Amino acid sequence: MAKLEIEDFEAFKALVGKPLPEGDWLTITQEMINDFAKATGDHQWIHVDVEKATKHSPFKKPVAHGFMSISMLSKLLEDLISVKSVKMGVNYGLNKVRFPSPVLVDSRIRLVGSIANIEAYGDTGLKVTWNCTVEIEGSEKPACVAEFISLMFS
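Because the structure is predicted, anything quoted here is derived from the model rather than measured.

*Asks:* How would you sum up the overall build of the protein? Please name residues and give values.
*Replies:* If you tally the helices and strands in the protein, you get 6 helices and 7 strands. Put simply, the protein runs from its N terminus to its C terminus through helices and strands in the order β-α-β-α-α-α-α-α-β-β-β-β-β. Taken along the three principal axes of its C-alpha coordinates, the protein extends 55 × 30 × 25 Å. Within the protein, the fraction of its 154 residues that count as buried is 39%. Surface exposure of the protein reaches about 8500 Å², of which carbon and sulfur atoms provide 51%. Positive and negative side-chain charges in the protein, numbering 17 and 20 respectively, have mean positions lying 4 Å apart.

Listed below in C-alpha cells is the structure:
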C-alpha cells in the first residue's frame, strides 16, 4: 500500500468522511508483547508466560494487551497518511474504545478507518477525530475499534 501524502491542511480537510487506504499487515510478536509488558508493568501471565498460556489460556497461546492496540494507533496512522505541512502532531484522546477480539501472538493486524471530523485548534492547528478499526487477519471481529483524537500543527 502506498502512503497517502497530502500537501496541506486544506487538502487534508477534503478527506473528512472518506475511507483511508488500508494499512499493511503487521505481525504482533512475543517480543513486542513482552516489550509492552515491560513498558507498562502489566506482566499478567496471559500475555508473557508462553508455557502457561499454552496450557491454561482458552486461546492456547499468549495474547497481546488490549491497550497495545490503542498505543499503536499513532504509528499505524502515520504509516497510512502524512500531511507535508505538519510540523508536529500529538495525541489528544480517545472515545468509544472497544476490544471485540483478542490479538493472539503471531497474528497480523492492520488499520482501516476514516476521518470523522476536523476542526480548527488554536492559530495553527487542527483537532482530528479518526474512526479507527484494527483488524486481525482471518478474524471476523476486530482487535480494537476506537475514535482517536489527535492534534496537528503546521
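Having seen the model, we can carry on.
*Asks:* Describe the nonpolar core, listing the residues and the values that go with them.
*Replies:* The biggest cluster of nonpolar side chains holds 35 residues, and the ones touching the most others in it are Phe12 and Trp130. Going through the elements one at a time, helix 1 (9-13), helix 2 (30-40), helix 5 (66-71), helix 6 (73-80), strand 3 (81-83), strand 5 (108-121), strand 6 (125-136) and strand 7 (144-153) are the ones with two or more residues in this core.

*Asks:* Pulling in residues and values, what's your account of the sheet that holds strand 2 (residues 26-27)?
*Replies:* The 5 strands lie next to each other as 2-5-6-7-4, forming an open sheet whose pairing is antiparallel. Of all the strands in the sheet, the pair left with one neighbour each is strand 2 and strand 4 (88-98). Note: strand 2 against strand 5, 2 bridges, orientation antiparallel. Bridge pairing links leucine 26 to isoleucine 109 in strand 5.

*Asks:* So what about the environment of valine 103? Which residues, and what values?
*Replies:* If you trace the backbone, valine 103 turns up in the loop between strand 4 and strand 5. Taking relative accessible area as the criterion, valine 103 reaches 5% and is therefore assigned buried. Between the alpha carbons of valine 103 and leucine 15 there is a distance of 30 Å; along the sequence they are 88 residues apart. With residues near it in sequence (within four places) discarded, valine 103 still touches Ile28, Pro62, Val63, Ala64, Ser69, Ile109, Ile136 and Ala143.

Procedures and definitions
Residues numbered from 1 in each chain as written. Predicted model: local features only at pLDDT ≥ 70, side-chain atom pairs only at ≥ 80, totals over all residues. Heavy atoms only, no water. Helix = DSSP H or I, 4+ residues; strand = E, 2+ residues; numbered from the N terminus. Buried < 20%, exposed > 50% of the residue type's maximum accessible area, 1.4 Å probe, protein only. Areas by Shrake-Rupley, 256 points an atom, 1.4 Å probe, with all protein chains shown as cover. Lys, Arg positive; Asp, Glu negative; His and termini not counted. Charge placed at Lys NZ, Arg CZ, Asp CG, Glu CD. Core = buried A, V, L, I, M, F, W, Y, C linked by side-chain atoms within 4.5 Å. Pairing = 2+ DSSP bridges. Contact = heavy atoms within 4.5 Å.

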